[in-house]
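Close look at the chain arrangement
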Amino acid sequence: MSLPNLWSFHHILMLSAFTSTANGYYNYQWTQCIYSSSDFSDMVFLDGYYFNKYLYLQFNSTVGKFVGFTEFGVRYAEIWNKNPAILQHYRAEVDRFCKPNAVLYKKDIHDKAVAPVVKLSLVKQGDSRHPSLLMCSAYDFYPEKIKVSWLRDGVVVTSDVTSTEKMPNGDWYYQIHTELEYIPKAGEKISCMVEHAGFEKPMIYDWNPPLPEFEWNTPLLFTAGVAALMLGIIIAAAGFIYYKSK
Ligand SMILES: *[C@@H]1O[C@H](CO)[C@@H](O)[C@H](O)[C@H]1NC(C)=O
């Protein structure tokens, strides 16, 4: 299964506020670990120093040193880049800080995927001229990322498909409903395909149309009546024979 596109976590180490009469001033340090691979091989450590919203000094592990963006920031970058102990500390942060935390995040959040319960239902019965409406519902899955598609004889359908948004249940789980409008064809197989991190592979659910409803009509009633009469005669005859033989 594909992983979510981008994982990033961060923490704010220092937050100080100097309040003046009108506004607050905020000087803070924002540390981020950014990665998209599950083995963390593309992990980047970023440490940014901000005044209000303005980034004035940053360490980027790909660059491997500090870069300043204001006069003050450039001065600091020069000083810290000359200090081997500081540089060594920051260059080791991917391995010391980012990766061990990412392992915990993966174990506690990402690996806790819960696969959806999938149900197919008929919303509207069609015929050779009027379209049928089928609904594929996926309930109680986590995380939110999911893909639901319709197949006609194994081929993905793109038109006449409408879907709701992924809806949070309010209990960490989500649900989604997708409808397919189609003119039924004899012998055709309609399926709903669901892809989710909780499944090992895409899951395919085939639609089993309900059997047409049984209806009594005149010839059928006549046949049933004749059969009942015959059965009555047989039972009566058997009874008569049994009585005579005693
Ligand atoms: C970190 O540095 C690399 C190399 O210059 C760059 O490609 C990347 O965009 C930088 N990351 C951020 C978030 O600035």
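How each quantity is defined
Residues numbered from 1 in each chain as written. Predicted model: local features only at pLDDT ≥ 70, side-chain atom pairs only at ≥ 80, totals over all residues. Heavy atoms only, no water. Core = buried A, V, L, I, M, F, W, Y, C linked by side-chain atoms within 4.5 Å. Buried < 20%, exposed > 50% of the residue type's maximum accessible area, 1.4 Å probe, protein only. Helix = DSSP H or I, 4+ residues; strand = E, 2+ residues; numbered from the N terminus. Contact = heavy atoms within 4.5 Å. Pairing = 2+ DSSP bridges. Axes fitted to C-alpha atoms, helices over the stretch in contact; angles between N-to-C directions. Patch = residues over 30% accessible without salt bridge, like charges linked within 9 Å, V, L, I, M, F, W, Y side chains within 5 Å. Areas by Shrake-Rupley, 256 points an atom, 1.4 Å probe, with all protein chains shown as cover. Salt bridge = Lys/Arg side-chain N within 4 Å of Asp/Glu carboxyl O. Near = heavy atom within 4 Å. Polar contact = N/O pair within 3.5 Å; in protein donor to acceptor, adjacent residues only side chain to side chain. Nonpolar A, V, L, I, M, F, W, Y, C, P; charged D, E, K, R; others polar. 1 Å grid on protein atoms, 1.4 Å probe; cavity = no way out; pocket = protein on both sides within 12 Å on 5 of 7 lines; lining within 4 Å. Points joined across faces, edges and corners; volume = space filled by probe spheres on them. Disulfide = S-S within 2.5 Å. pLDDT = per-residue confidence, 0-100. Phe/Tyr/Trp six-rings, centres within 6.5 Å; stacked < 30°, edge-to-face > 60°.

Before going further, it helps to examine the nonpolar core. Of all hydrophobic cores here, the largest spans 19 residues; its most connected members are Ile-146, Val-148, Trp-150, Ile-190 and Val-194. Those elements that provide at least two residues to this core are strand 7 (132-141), strand 8 (146-152), strand 12 (174-182) and strand 13 (190-196). Setting aside residues no more than four positions away along its own chain, Val-194 makes contact with Pro-116, Val-118, Ile-146, Lys-147, Val-148, Phe-199, Pro-202, Met-203 and Tyr-205. Membership of the second largest hydrophobic core comes to 18 residues, among which are Tyr-49, Tyr-56, Phe-66 and Ala-77.

Take the sheet that holds strand 14 (residues 203-206) next. On the basis of which strands lie adjacent, the open sheet formed by four strands has the order 9-8-13-14 and antiparallel pairing. The sheet terminates laterally at strand 9 (155-157) and strand 14, the two strands that pair on one side only. Looking at each pair of strands side by side, their axes are set apart by 40 degrees on average, direction ignored. Inspection of the sheet shows strand 8 paired to strand 13 by seven bridges, in the antiparallel sense.

Attention now goes to a nonpolar patch on the surface. On the surface, Tyr-54, Val-63, Val-67 and Phe-69 cluster together into a nonpolar patch covering about 360 Å² of accessible area. Structurally, Phe-69 is set in the loop between strand 5 (65-68) and helix 1 (71-81). For Phe-69, a relative accessible area of 39% corresponds to the partly exposed category.

Around the ligand sit Leu-46, Asn-60, Thr-62 and Val-63, and that is every residue in its neighbourhood. One of the side-chain nitrogen or oxygen atoms of Asn-60 is found 2.3 Å away from an oxygen atom of the ligand. Contact with the protein chains removes 41% of the 360 Å² of surface that the ligand exposes when unbound. Grouping the constituent residues of the shell around the ligand by class yields two nonpolar, two polar and no charged.

Looking at the element boundaries, Asp-42 is found in the loop between strand 2 (24-35) and strand 3 (44-51). The exposure class assigned to Asp-42 is partly exposed, which follows from its relative accessible area of 32%. For the pair Asp-42 and Thr-62, spaced 20 residues apart in the sequence, the C-alpha separation amounts to 9.8 Å. Here Asp-42 is in contact with Ile-34, Tyr-35, Ser-36 and Ser-37, once residues within four sequence places are set aside. Side-chain polar atoms of Asp-42 contact the side chain of Ser-36, separated by 2.7 Å.

Considered as a void within the structure, the largest pocket measures approximately 250 Å³ in volume. Together, 17 residues line the largest pocket, and Gln-125, Tyr-182, Pro-184, Trp-207 and Pro-209 are the ones closest to its centre. In the lining of the largest pocket, the residues fall into eight nonpolar, five polar and four charged.

This part covers the state of the cysteines. One pass over the structure, following the stated rule, counts two disulfides. The residue that forms a disulfide with Cys-33 is Cys-98, at a sulfur-sulfur distance of 2.2 Å. Residues Cys-33 and Cys-98 share a disulfide whose torsion about the S-S bond is about -80 degrees; that sign makes it left-handed. Placement of the pair is Cys-33 in strand 2 and Cys-98 in helix 3 (residues 93-110), with a sequence separation of 65 residues.

Averaged over all residues, the pLDDT of the protein is 87; the fraction at 70 or higher stands at 88%. Confidence scores differ between elements of the protein, with strand 1 (residues 7-19) showing the lowest mean pLDDT of 55 and strand 5 the highest of 98. When the criterion is pLDDT under 50, residues 1-6 qualifies, and its contacts beyond four places in sequence or with other chains add up to 17 contacts.

Here the focus is the packing of aromatic side chains. For the structure on display, the rule yields 16 aromatic pairs. On the basis of an interplanar angle of 50 degrees and a centroid distance of 6.0 Å, the ring pair of Trp-30 and Tyr-50 is categorised as tilted. Of this pair, Trp-30 sits in strand 2 while Tyr-50 is found in strand 3, placing the two residues 20 residues apart along the sequence. Given the relative accessible area of 11%, Tyr-50 is considered buried. Between the aromatic rings of Phe-66 and Tyr-90, the centroid separation amounts to 4.8 Å while the plane-to-plane angle is 70 degrees, which identifies the pairing as edge-to-face. Of this pair, Phe-66 sits in strand 5 while Tyr-90 sits in helix 2 (residues 84-91), and the two are 24 residues apart along the sequence. Both residues of the pair, Phe-66 and Tyr-90, belong to the buried class.

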